[in-house]
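Okay, here's what each chain looks like letter by letter:
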Amino acid sequence: EAQVTQNPRYLITVTGKKLTVTCSQNMNHEYMSWYRQDPGLGLRQIYYSMNVEVTDKGDVPEGYKVSRKEKRNFPLILESPSPNQTSLYFCASSSDVGRSTDTQYFGPGTRLTVL
Amino acid sequence: GEDVEQSLFLSVREGDSSVINCTYTDSSSTYLYWYKQEPGAGLQLLTYIFSNMDMKQDQRLTVLLNKKDKHLSLRIADTQTGDSAIYFCAEKFGSGAGSYQLTFGKGTKLSVIP
């Protein structure tokens, strides 16, 4: 079954304690992306990756890091989380690199609370 | 980044048509999308339209694109209670060197009244 998985699904942590949210897709997609969703603000892109070892900043990259060492994985790293990073995070992947329409497959979401 | 604007709420009666509107800013957008998010779930692609099209119909869904006014709409015919969800408009635009981004609107919460 084609899917995007994220772990953990729920996380409560404290300010300053480094954490990683994993994202994995089994569709051999080149493109992967992280979004955060906040009430009244919709989805905002944090980082995206066009392929292995290629990452770019989205609209709200501050306080986050990503890596793309393998095609299937795209972890989101918060080196020193702060309360303003409390949010619902979605990972997404797609195969398109601009040739035609793509279907972005979204993960189930990770609800992060930073105290 | 680019801007995508949507109204935040819409209420309709079951069986009526729903029309969700969206405006965007980037005239070089290649594709425009509608996503649906049900409570507690991720986003699901509903439909899309290529920027050189005016209209696309897919069963109960009709997408209209007015490229001159940068206005996109999603019409849901015979709205059902299962259509209650948040609907996101998104535009795809190139961000240089062969890469692209999606910008999402804030989402329109559709409530269907039985």
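Details of the structure are given in the entry above.
A brief report on the enclosed structure follows. (Residues numbered from 1 in each chain as written. Chains lettered and ligands numbered in written order. Predicted model: local features only at pLDDT ≥ 70, side-chain atom pairs only at ≥ 80, totals over all residues. Heavy atoms only, no water.)

## Looking at a nonpolar patch on the surface
- A surface patch of nonpolar side chains, about 320 Å² in accessible area, is lined by I12(A), V14(A) and L115(A).
- Mapped onto the fold, L115(A) is located in the segment after β11 (110-114). (Patch = residues over 30% accessible without salt bridge, like charges linked within 9 Å, V, L, I, M, F, W, Y side chains within 5 Å. Areas by Shrake-Rupley, 256 points an atom, 1.4 Å probe, with all protein chains shown as cover. Salt bridge = Lys/Arg side-chain N within 4 Å of Asp/Glu carboxyl O. Helix = DSSP H or I, 4+ residues; strand = E, 2+ residues; numbered from the N terminus.)

## So, the environment of A85(B)
All names here are of chain B.
- Note on placement: A85 falls in strand β9 (residues 85-94).
- The class for A85 is buried, based on a relative accessible area of 6%.
- Through-space distance from the C-alpha of A85 to that of L110 is 5.5 Å; in sequence the pair is 25 residues apart.
- Those residues within four positions of A85 in sequence are excluded, and the remaining contacts are K36, Q37, E38, T108, K109 and L110. (Buried < 20%, exposed > 50% of the residue type's maximum accessible area, 1.4 Å probe, protein only. Contact = heavy atoms within 4.5 Å.)

## Observations regarding the sheet that holds strand β7 (residues 65-66) of chain A
Residue and element names in this part refer to chain A.
- Strand order in the open sheet formed by 4 strands is β1-β3-β8-β7, and the pairing between neighbours is antiparallel. Each edge of the open sheet is held by one strand with a lone partner, namely β1 (4-7) and β7.
- Examined bridge by bridge, strand β3 (residues 19-25) and strand β8 (residues 76-78) share 3 bridges and lie antiparallel to one another. The residue of β8 that forms the bridge with V21 is L76. (Pairing = 2+ DSSP bridges.)

## Details of the pattern of salt bridges
- What the rule picks out here adds up to 8 salt bridges over all chains.
- A salt bridge links K18(A) to E79(A); the nearest nitrogen and oxygen atoms lie 3.9 Å apart. In this pair, K18(A) is assigned in the loop between β2 (10-13) and β3 and E79(A) in the loop between β8 and β9 (87-94), connecting sequence segments 61 residues apart.
- Measuring nitrogen to oxygen at the nearest pair gives 2.9 Å for the salt bridge that ties D83(B) to R60(B). Remark: R60(B) occurs in the loop between β6 (55-58) and β7 (61-66) and D83(B) occurs in the loop between β8 (71-76) and β9; sequence separation between them is 23 residues.
- With a relative accessible area of 32%, R60(B) lands in the partly exposed category.
- In this structure, a network of salt bridges that share partners links the residues K18(A), K65(A) and E79(A).

## Focus on the side chain of Q25(A)
Residues and elements named next belong to chain A.
- By secondary structure assignment, the location of Q25 is in strand β3.
- On the accessibility criterion, Q25 (2% relative accessible area) is buried.
- Reaching out from Q25, the side chain makes a polar contact with the backbone oxygen of H29 at a distance of 2.9 Å.
- Within the structure, the side chain of Q25 is placed 3.1 Å from the backbone oxygen of K71, a separation counted as a polar contact.
- Once residues lying within four places of it in the same chain are set aside, the contact partners of Q25 are Q3, V4, M32, R68, K71, R72 and S93. (Polar contact = N/O pair within 3.5 Å; in protein donor to acceptor, adjacent residues only side chain to side chain.)

## Describing the state of the cysteines
- Overall, the coordinates contain 2 disulfides over all chains when judged by the stated rule.
- Paired through a disulfide, C23(A) and C91(A) show a sulfur-sulfur distance of 1.8 Å. In this structure, the disulfide formed by C23(A) and C91(A) twists by about -70° around the S-S bond and is classed as left-handed. With a gap of 68 residues between them, C23(A) in strand β3 and C91(A) in strand β9 connect regions that are remote in the sequence.
- A residue is classified by how much of its surface remains accessible, and C91(A), at 0% relative accessible area, is buried.
- The side chain of C22(B) participates in a disulfide bridge whose partner is C89(B); the two sulfur atoms lie 2.0 Å from each other. On the sign convention where negative is left-handed, the bridge of C22(B) and C89(B), at about -65° about the S-S bond, is left-handed. In this pair, C22(B) sits in strand β3 (residues 18-24) while C89(B) sits in strand β9, placing the two residues 67 residues apart along the sequence.
- For C22(B), a relative accessible area of 0% puts it in the buried group. (Disulfide = S-S within 2.5 Å.)

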